[in-house]
Amino acid sequence: MIVWILFITAVLLFLALDLGIFNKTPHIISSKEAGMWTGIWASLSFAFSGVIYWLYSTNFINNPDKLKPTVAAMKYITGYLIELSLSVDNIFVIAIIFSAFKIPQKYQHRVLFWGILGAIIFRGLMIFFGVLLINKFTWTTYIFGAFLIYTALKMLMNGEDDKFEPKKSFVYKSLKKLMPI
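So, here's what we can say about the structure. All of these numbers come straight from a predicted model, not from anything done at the bench.

### Things to note about the overall build of the chain
Stage number 1. Of regular secondary structure, the chain possesses seven helices and zero strands.
Stage number 2. What you see in the chain, going N to C, is helices and strands ordered as α-α-α-α-α-α-α.
Stage number 3. Its C-alpha atoms give the chain a radius of gyration of 21 Å, clearly above 16 Å, the size a compact globule of 181 residues would have.
Stage number 4. In terms of overall dimensions, the chain has C-alpha extents of about 60 × 50 × 30 Å along its principal axes.
Stage number 5. For the chain, long-range pairs separated by at least 24 residues make up 55% of all intrachain contacts whose partners lie at least 6 apart in sequence.
Stage number 6. When the accessible area of the chain is evaluated, it comes to approximately 15,100 Å², of which 73% is carbon and sulfur surface.
Stage number 7. Positive and negative side-chain charges of the chain, numbering 17 and 9 respectively, have mean locations separated by a distance of 9 Å.

Following this line, the structure appears as structure tokens:
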């Protein structure tokens, strides 16, 4: 449990440093600056594989499977690289969202930061309450399945002629009541 508390604390610390200190004032991030920060965060991620190696080489983690430290570190690095490569498609989605909402470049980092943080929190809540619902009422899996099929059919039937107007969406109108957009 101590390892998880330390890990979550480190993640929260890095998030606070990123938005609160390093990017406190909104500015346009150059390619050079983006590359530098990518290198820093990737280096920290690879350095964390050393922490995993150390944890598995000591008796700090109760490991019933007797996973070797090198195997544990390689599994982490493999997972990290897979997630990194899978996240590339998010860049295109983010670029589309930024252009659709006409977000100025100097605010894009802040919007992206809070968007990702919100997505993590809401994804966690959805998973938690979804599992709670399914464990309590097993028949809800049919409702979730029907919703997925309905969504897939709706996506399949909508042509490319239908233009999405973000300013006419329910989310945009609701947020506009709460904060200036």
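Moving on from the model shown.
### Observations regarding the packing of aromatic side chains
Stage number 1. Tallying each qualifying case throughout the model produces twelve aromatic pairs.
Stage number 2. Between Phe113 and Trp114, the ring centres sit 5.2 Å apart and the planes meet at 85 degrees, which makes this aromatic pair edge-to-face.
Stage number 3. A relative accessible area of 11% means that Phe113 is categorised as buried.
Stage number 4. Ring centres of Phe137 and Trp139 lie 5.9 Å apart, and the angle between their planes is 55 degrees; this geometry places the pair in the tilted category.

About the criteria used
- Residues numbered from 1 in each chain as written.
- Predicted model: local features only at pLDDT ≥ 70, side-chain atom pairs only at ≥ 80, totals over all residues.
- Heavy atoms only, no water.
- Helix = DSSP H or I, 4+ residues; strand = E, 2+ residues; numbered from the N terminus.
- Rg over C-alpha atoms; globule rule 2.2 N^0.38 Å.
- Contact = heavy atoms within 4.5 Å.
- Areas by Shrake-Rupley, 256 points an atom, 1.4 Å probe, with all protein chains shown as cover.
- Lys, Arg positive; Asp, Glu negative; His and termini not counted.
- Charge placed at Lys NZ, Arg CZ, Asp CG, Glu CD.
- Phe/Tyr/Trp six-rings, centres within 6.5 Å; stacked < 30°, edge-to-face > 60°.
- Buried < 20%, exposed > 50% of the residue type's maximum accessible area, 1.4 Å probe, protein only.

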